Structures are given as C-alpha cells and as structure tokens.
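Chain by chain, the residues:
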Amino acid sequence: DTAVSQTPKYLVTQMGNDKSIKCEQNLGHDTMYWYKQDSKKFLKIMFSYNNKELIINETVPNRFSPKSPDKAHLNLHINSLELGDSAVYFCASSQVAGNEQFFGPGTRLTVL
Amino acid sequence: AQSVAQPEDQVNVAEGNPLTVKCTYSVSGNPYLFWYVQYPNRGLQFLLKYITGDNLVKGSYGFEAEFNKSQTSFHLKKPSALVSDSALYFCAVRDWGNNDMRFGAGTRLTVKP
C-alpha cells in the first residue's frame, strides 16, 4: 500500500499553461505539505495544511494555489507556468504538524 | 527563526569504514531534530529524530545521531558504511512550539567498495 501518492509522476508542459498535481495519503495523518526541490536539490517548503486549514504559506507566487478537499488530499494548482517552475514537487504528510514527515515519490515538472 | 546547516556538500567513505554526516542548527527554544535520506528519483525517507531524552538516538538501517546542545550539532553516524548507504542526506530542525520544519541543503554521501 502506498502511504503518500502523487500524480502525475512526470509533467511536461508549455509556458503559460495551467496544471495540477494531486496528492493523497492513506496514513490518517492530520497535516500535509508541499515542497519544491530545485536542480541543486534544495528543498523548500511551500505550503502546509492541518485538517484542511492552511498553517504555513511561504513566499511563493500566487500562481500557486493549494487545495485540500479533505485531510487525506492536498492538491497543488499552478497557473501561468513559467520556466523557473521546473522542479520536482514533493507532497508529504505527518501525524501532527511538526513531527516526522512521510514523503511522496515526487512529481517532476518540466516547463518548456 | 530556526535554521540548519550541513557544512559538507559531499562525503566520501570506503565501505566498512565509519561515516559521519554533519549538521548544526540554530533555534530560539528547544530543538526537534530529524534526519532524512533521499535515494535517486525517490522522495525523502525519515531515518531518526531527537525530541528529548538520550542524546544518542538510534534509527533505521543502523544509523544513529548524537545531539550535542553545547555545540548545537546533530551529526549522523554509522559504524560501518555500506555501498547501499550512498544517497543524499538531509538534516531538519523545528523549534518547540513552531510547526515549521527547516531542511538543510543536503549532503551527498558516496560509499566506495
């Protein structure tokens, strides 16, 4: 059973397009996160939701909008994609906010 | 705000030798410290954590880490490295009462046969 799953695994798209990445966790955790990992492997938190409420919202362009329909899902929608958005995006969850996190396999986004 | 530093981009060791991956942190209160490992094309995997209690923490795959409050360090160690330990290792910290976890820049460990 996959604990934290993301779809799609790979996403190749043109500049200016709008795309979404989906994340689901079956661990019963209360908190979910989105991270961006750049080509140098730096890992930067973007958002965190606790029981469907936004608790961390780092300085990211407002083209990025997270949506949490329930506490098992946290989707990431990106509008007007730019070249600099190319990265690997990781979803993660934790039982309680701030505890150890369980990561999904990542979504490699390439913007052409 | 909390921060974490991994002073080495790369660590190379021979198989069978002990390994150490360094991490130092900065927090205003009491730290919660974590180590994660990332294998190629995979998400991060949790290895171990320090919350309170014994300064020496044991984790997965034979790894351990030592919390040193006076040196504000949390170095990851393993007595005998395996080739399969080759991966990217991330240290992370959060401050007590703060949900925000900060990751270091990562250290690439290469274990040579």
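Figured I'd write up the structure that's included with this text. (Residues numbered from 1 in each chain as written. Chains lettered and ligands numbered in written order. Predicted model: local features only at pLDDT ≥ 70, side-chain atom pairs only at ≥ 80, totals over all residues. Heavy atoms only, no water.)

**Some remarks on the packing of aromatic side chains**
To be explicit about the condition: Here a pair means two rings of Phe, Tyr or Trp (six-membered ring of Trp) with centres within 6.5 Å. Their orientation is stacked below 30 degrees between planes, edge-to-face above 60, and tilted elsewhere. For helices the rule is a DSSP run of H or I covering at least 4 residues; for strands it is a run of E covering at least 2, with both sets numbered from the N terminus onward. Under the scheme applied here, a residue whose accessible area is under 20% of the maximum for its type counts as buried, over 50% as exposed, and between as partly exposed, the area being computed with a 1.4 Å probe on protein chains only. Lysine and arginine charges are scored as sitting over a ring when NZ or CZ, respectively, is within 6 Å of the ring centre and within 35 degrees of the ring normal.
By the definition in use, this model includes 14 aromatic pairs over all chains. Ring geometry for Tyr-50 of chain B and Phe-67 of chain B: centres 4.1 Å apart, planes at 15°, overall stacked. Placement of Tyr-50 of chain B in strand β6 (residues 44-50) and of Phe-67 of chain B in strand β8 (residues 64-68) is noted, with a sequence separation of 17 residues between them. When sorted by exposure, Tyr-50 of chain B lands in the same class as Phe-67 of chain B, which is buried. Through a chain of ring-to-ring contacts, three or more aromatic side chains come together here, namely Tyr-33, Tyr-35, Phe-90 and Phe-103 of chain A together with Phe-34, Tyr-36, Phe-46 and Phe-103 of chain B. In this arrangement the basic side chain of Lys-78 of chain B is found over the ring face of Phe-63 of chain B, its NZ or CZ atom lying 5.0 Å from the centre.

**Remarks on the interface of chain B and chain A**
So the rule is basically this: Contacts are residue-level and defined by heavy atoms, with any inter-residue pair within 4.5 Å sufficient. Simply put, the buried area is the total loss of 1.4 Å probe accessible area from both parts when two parts are fitted together. In the sections that follow, a salt bridge refers to a side-chain nitrogen of Lys or Arg positioned within 4 Å of a carboxyl oxygen of Asp or Glu.
Across the contact, 19 residues belong to chain B and 20 residues belong to chain A. For the pair chain B and chain A, the two sides together bury roughly 1600 Å², of which 54% comes from carbon and sulfur. Considering only the surface of chain B that becomes buried against chain A, Leu-44, Asn-99 and Phe-103 of chain B emerge as the three largest contributors, covering 28% of it. Across the contact surface, chain B and chain A share one salt bridge.

**Considering the pairing of strand β7 (residues 64-70) of chain A**
All names here are of chain A. Quick reminder of the rule: Strand pairing follows a simple DSSP-based rule, namely that at least 2 bridges must link the two strands.
With five bridges joining them, β7 and strand β8 (residues 73-78) adopt antiparallel strand pairing. Bridging across to β8, Pro-66 finds its partner in Leu-76. The antiparallel pairing of β7 with β8 creates a hairpin that spans two residues between the two strands.

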